Amino acid sequence: MIAAGEALLRRASALVDEAMRARLDERLWPGAPSRLMDAMRYSLFAGGKRFRPALVIGGCEAVGGTAEAALPAACAVEMIHTYSLIHDDLPAMDNDDLRRGRPTLHRAFDEATAILAGDTLLTIAFDALADCGNLDMVRELARAAGPTGMAGGQVLDIEAENSPPNLNGLIRLHRMKTGALIRVSVRMGALAGGASPETLTALTRYGEALGLAFQITDDILDVTGDPEKMGKAAGRDAARQKTTYPSLLGLEESRRRAEQSARDAVDALAGLNGDAADALRSLAWYVVRRDA
Ligand code: GRG
């Protein structure tokens, strides 16, 4: 059931890796300090799953567009995702030593370089997105990464350490912190592929349900996952006494909700036919069945 989703992830990885390597070629950035470029490459090419680029490319193909048309947006969203992980790992935030199976960027380089590499990835993400020539996509990505999206959600997450949220608060926090970037990935793909308003709405519902499935599964993996496979420590949420889906609902109910969200994502695509839509449906099951 998840084979087509995994195939999409592999194809998106190959495409986006090649495109991001080209975008970080130092000949394009004359005078840029090599240490900064090396730091960005260290985190970008550390073995991420390329889940968000797969959604951009899959979303575009599902509405009849090409992977090529989606590629600048796929690079942009992966750069923003990587910046968020670099900053999230910093001593001022989660203070983590391990990410994607390797020392975090501030451990491998230093804290100032990690902050600046994150800032620069955020900046050049919009340089990449400019190649789509679509201002709606620029605005959507800025909003998904900004105060009403990922950055705002991160603030709510930090505040939650002192005043633990109830379930509705947790859902709101995650909708912003991780859901917004997943949702906008699918939407940007659809926009790059010239989706009709109805199809855009269907894909948006898919992205929203998928974001929830992804986050619940992430919380479950923090309890049950194998650190070797995940490339990061497990049990970090419990050690920090963070409110999570398992801490509020228990593991069984969390698993049930993750599966239900994957089903909601699949159902949202009922009007879409073809291999590309099948790959998106398969990706929804991959999200809840993954072990890393
Ligand atoms: C610093 C502005 C700012 C935001 C940080 C998204 C985020 C906000 C922090 C990440 C912390 C975290 C582990 C969130 C859980 C969900 C998540 C984003 C997991 C990592 O994404 P994957 O599994 O990672 O797609 P890979 O390594 O495969 O790319």
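Participant: Break down the overall build of the protein chain for me, citing the residues and quoting the values.
Facilitator: Summing up its helical and strand segments, the protein chain has 15 helices and two strands in all. For a compact globule of 292 residues, the expected C-alpha radius of gyration is about 19 Å, and the protein chain comes in at 18 Å, within 12% of that figure. Taken over the C-alpha atoms alone, the protein chain extends approximately 50 × 45 × 35 Å along its principal axes. Here the protein chain displays about 13,000 Å² of accessible surface, and carbon together with sulfur accounts for 52% of that area.

Participant: Report on the site of the ligand, specifying residues and quantitative values.
Facilitator: Taken together, 18 residues surround the ligand, and among them Lys49, Arg52, His81, Asp88 and Arg100 come closest. Between the ligand and the protein, one listed contact pairs an oxygen atom with a side-chain N or O atom of Lys49 at 2.5 Å. Within the side chain of His81, a nitrogen or oxygen atom sits 2.7 Å from an oxygen atom of the ligand. For the ligand, whose unbound accessible area comes to 700 Å², protein coverage reaches 91%. Those elements giving two or more residues to the shell around the ligand turn out to be helix 4 (67-88), helix 8 (150-160), helix 9 (167-192) and helix 10 (197-224). Here the element with the most residues in the shell around the ligand is helix 4; it accounts for six residues. Residues belonging to the shell around the ligand are distributed by class as follows: five nonpolar, seven polar and six charged.

Participant: Describe the nonpolar core, listing the residues and the values that go with them.
Facilitator: Residues Phe51, Leu55, Leu141, Tyr206 and Leu283 are the most contacted members of the largest nonpolar core, which totals 83 residues. Beyond its immediate sequence surroundings of up to four residues, Leu141 is in contact with Ala76, Val77, Ile80, Phe126, Leu129, Leu181, Val184 and Met188.

Participant: Account for unusual backbone geometry, with residues named and values stated.
Facilitator: The phi angle at Arg100 is positive, at roughly 50°, despite the residue not being glycine. For Arg100, the position within the fold is in the loop between strand 1 (98-99) and strand 2 (102-103). In the Ramachandran plot, Gln241 falls in the positive-phi region, its phi being about 55° despite a non-glycine side chain. Checked against the element boundaries, Gln241 lands in the loop between helix 12 (236-239) and helix 13 (245-249).

Participant: So what's going on with the packing of aromatic side chains? Which residues, and what values?
Facilitator: Within this structure, the stated rule accounts for two aromatic pairs. Note on Tyr42 and Phe109: the rings are 5.7 Å apart at their centroids and 65° apart in plane angle, and the pair reads as edge-to-face. Here Tyr42 is found in helix 2 (residues 34-44), whereas its partner Phe109 is found in the loop between helix 5 (105-108) and helix 6 (111-129), with 67 residues between them in sequence. Looking at Phe109, the relative accessible area reads 22%, which means it is partly exposed. With centroids separated by 5.1 Å and ring planes inclined at 5°, the aromatic side chains of Phe51 and Phe214 adopt a geometry described as stacked. Of this pair, Phe51 sits in helix 3 (residues 51-62) while Phe214 sits in helix 10; the two residues are 163 residues apart in sequence, bridging distant segments of the chain. Each member of the pair, Phe51 as well as Phe214, carries the same accessibility label: buried. The ring of Phe45 carries Arg21 above its face, with NZ or CZ at 3.8 Å from the centroid. The positively charged end of Arg102 is found above the aromatic ring belonging to Tyr42, 4.0 Å away from the centroid.

Participant: Tell me about helix 15 (residues 275-289), and please be specific about residues and values.
Facilitator: In this model, helix 15 (15 residues) spans 21 Å end to end at C-alpha, consistent with the 21 Å of a helix rising 1.5 Å per residue. Among all positions in helix 15, only Ala276, Ala277, Ala279, Leu280, Arg281, Ser282, Leu283, Ala284, Trp285, Tyr286, Val287 and Val288 are buried. Buried residues belonging to helix 15 abut helix 1 (3-23), helix 3, helix 10 and helix 14 (251-268).

Participant: Let's hear about the packing of helix 7 (residues 135-145) against helix 9: which residues, and what values?
Facilitator: Contact pair helix 7 / helix 9: the axes reach a minimum separation of 9 Å and the direction vectors enclose 175°. On the basis of their axis angle, the class for helix 7 and helix 9 is roughly antiparallel. Within the contact between the two elements, helix 7 uses Met137, Glu140, Leu141 and Ala144 and helix 9 uses Ala180, Leu181, Val184, Arg187, Met188, Leu191 and Ala192. Across the contact of helix 7 with helix 9, the residue classes break down as nine nonpolar, no polar and two charged.

Participant: How would you sum up the pattern of salt bridges? Please name residues and give values.
Facilitator: Applying the stated criterion across every chain yields a total of 24 salt bridges. Where Arg187 meets Glu140, a salt bridge forms, and the shortest distance between an N and an O atom there is 2.7 Å. On the criterion of sequence distance, the pair formed by Arg187 in helix 9 and Glu140 in helix 7 is long-range, its members being 47 residues apart. Of the charged contacts in the structure, one is a salt bridge between Arg289 and Glu259, with a shortest N-O distance of 3.0 Å. On the criterion of sequence distance, the pair formed by Arg289 in helix 15 and Glu259 in helix 14 is long-range, its members being 30 residues apart. The exposure class assigned to Arg289 is partly exposed, which follows from its relative accessible area of 40%. Taken together, the shared-partner salt bridges in this structure form one network comprising Asp17, Arg50, Glu78 and Arg100.

Participant: Would you mind going over the side chain of Ser43 in detail, with residue names and values included?
Facilitator: Its place among the elements puts Ser43 in helix 2. Assessed through its relative accessible area of 9%, Ser43 is described here as buried.

Rules behind the numbers
- Residues numbered from 1 in each chain as written.
- Predicted model: local features only at pLDDT ≥ 70, side-chain atom pairs only at ≥ 80, totals over all residues.
- Heavy atoms only, no water.
- Helix = DSSP H or I, 4+ residues; strand = E, 2+ residues; numbered from the N terminus.
- Rg over C-alpha atoms; globule rule 2.2 N^0.38 Å.
- Areas by Shrake-Rupley, 256 points an atom, 1.4 Å probe, with all protein chains shown as cover.
- Near = heavy atom within 4 Å.
- Polar contact = N/O pair within 3.5 Å; in protein donor to acceptor, adjacent residues only side chain to side chain.
- Nonpolar A, V, L, I, M, F, W, Y, C, P; charged D, E, K, R; others polar.
- Core = buried A, V, L, I, M, F, W, Y, C linked by side-chain atoms within 4.5 Å.
- Buried < 20%, exposed > 50% of the residue type's maximum accessible area, 1.4 Å probe, protein only.
- Contact = heavy atoms within 4.5 Å.
- Phe/Tyr/Trp six-rings, centres within 6.5 Å; stacked < 30°, edge-to-face > 60°.
- Lys NZ or Arg CZ within 6 Å of the ring centre and 35° of its normal.
- Expected span 1.5 Å × (residues − 1).
- Axes fitted to C-alpha atoms, helices over the stretch in contact; angles between N-to-C directions.
- Parallel < 35°, antiparallel > 145°, perpendicular 65-115°, else oblique.
- Salt bridge = Lys/Arg side-chain N within 4 Å of Asp/Glu carboxyl O.

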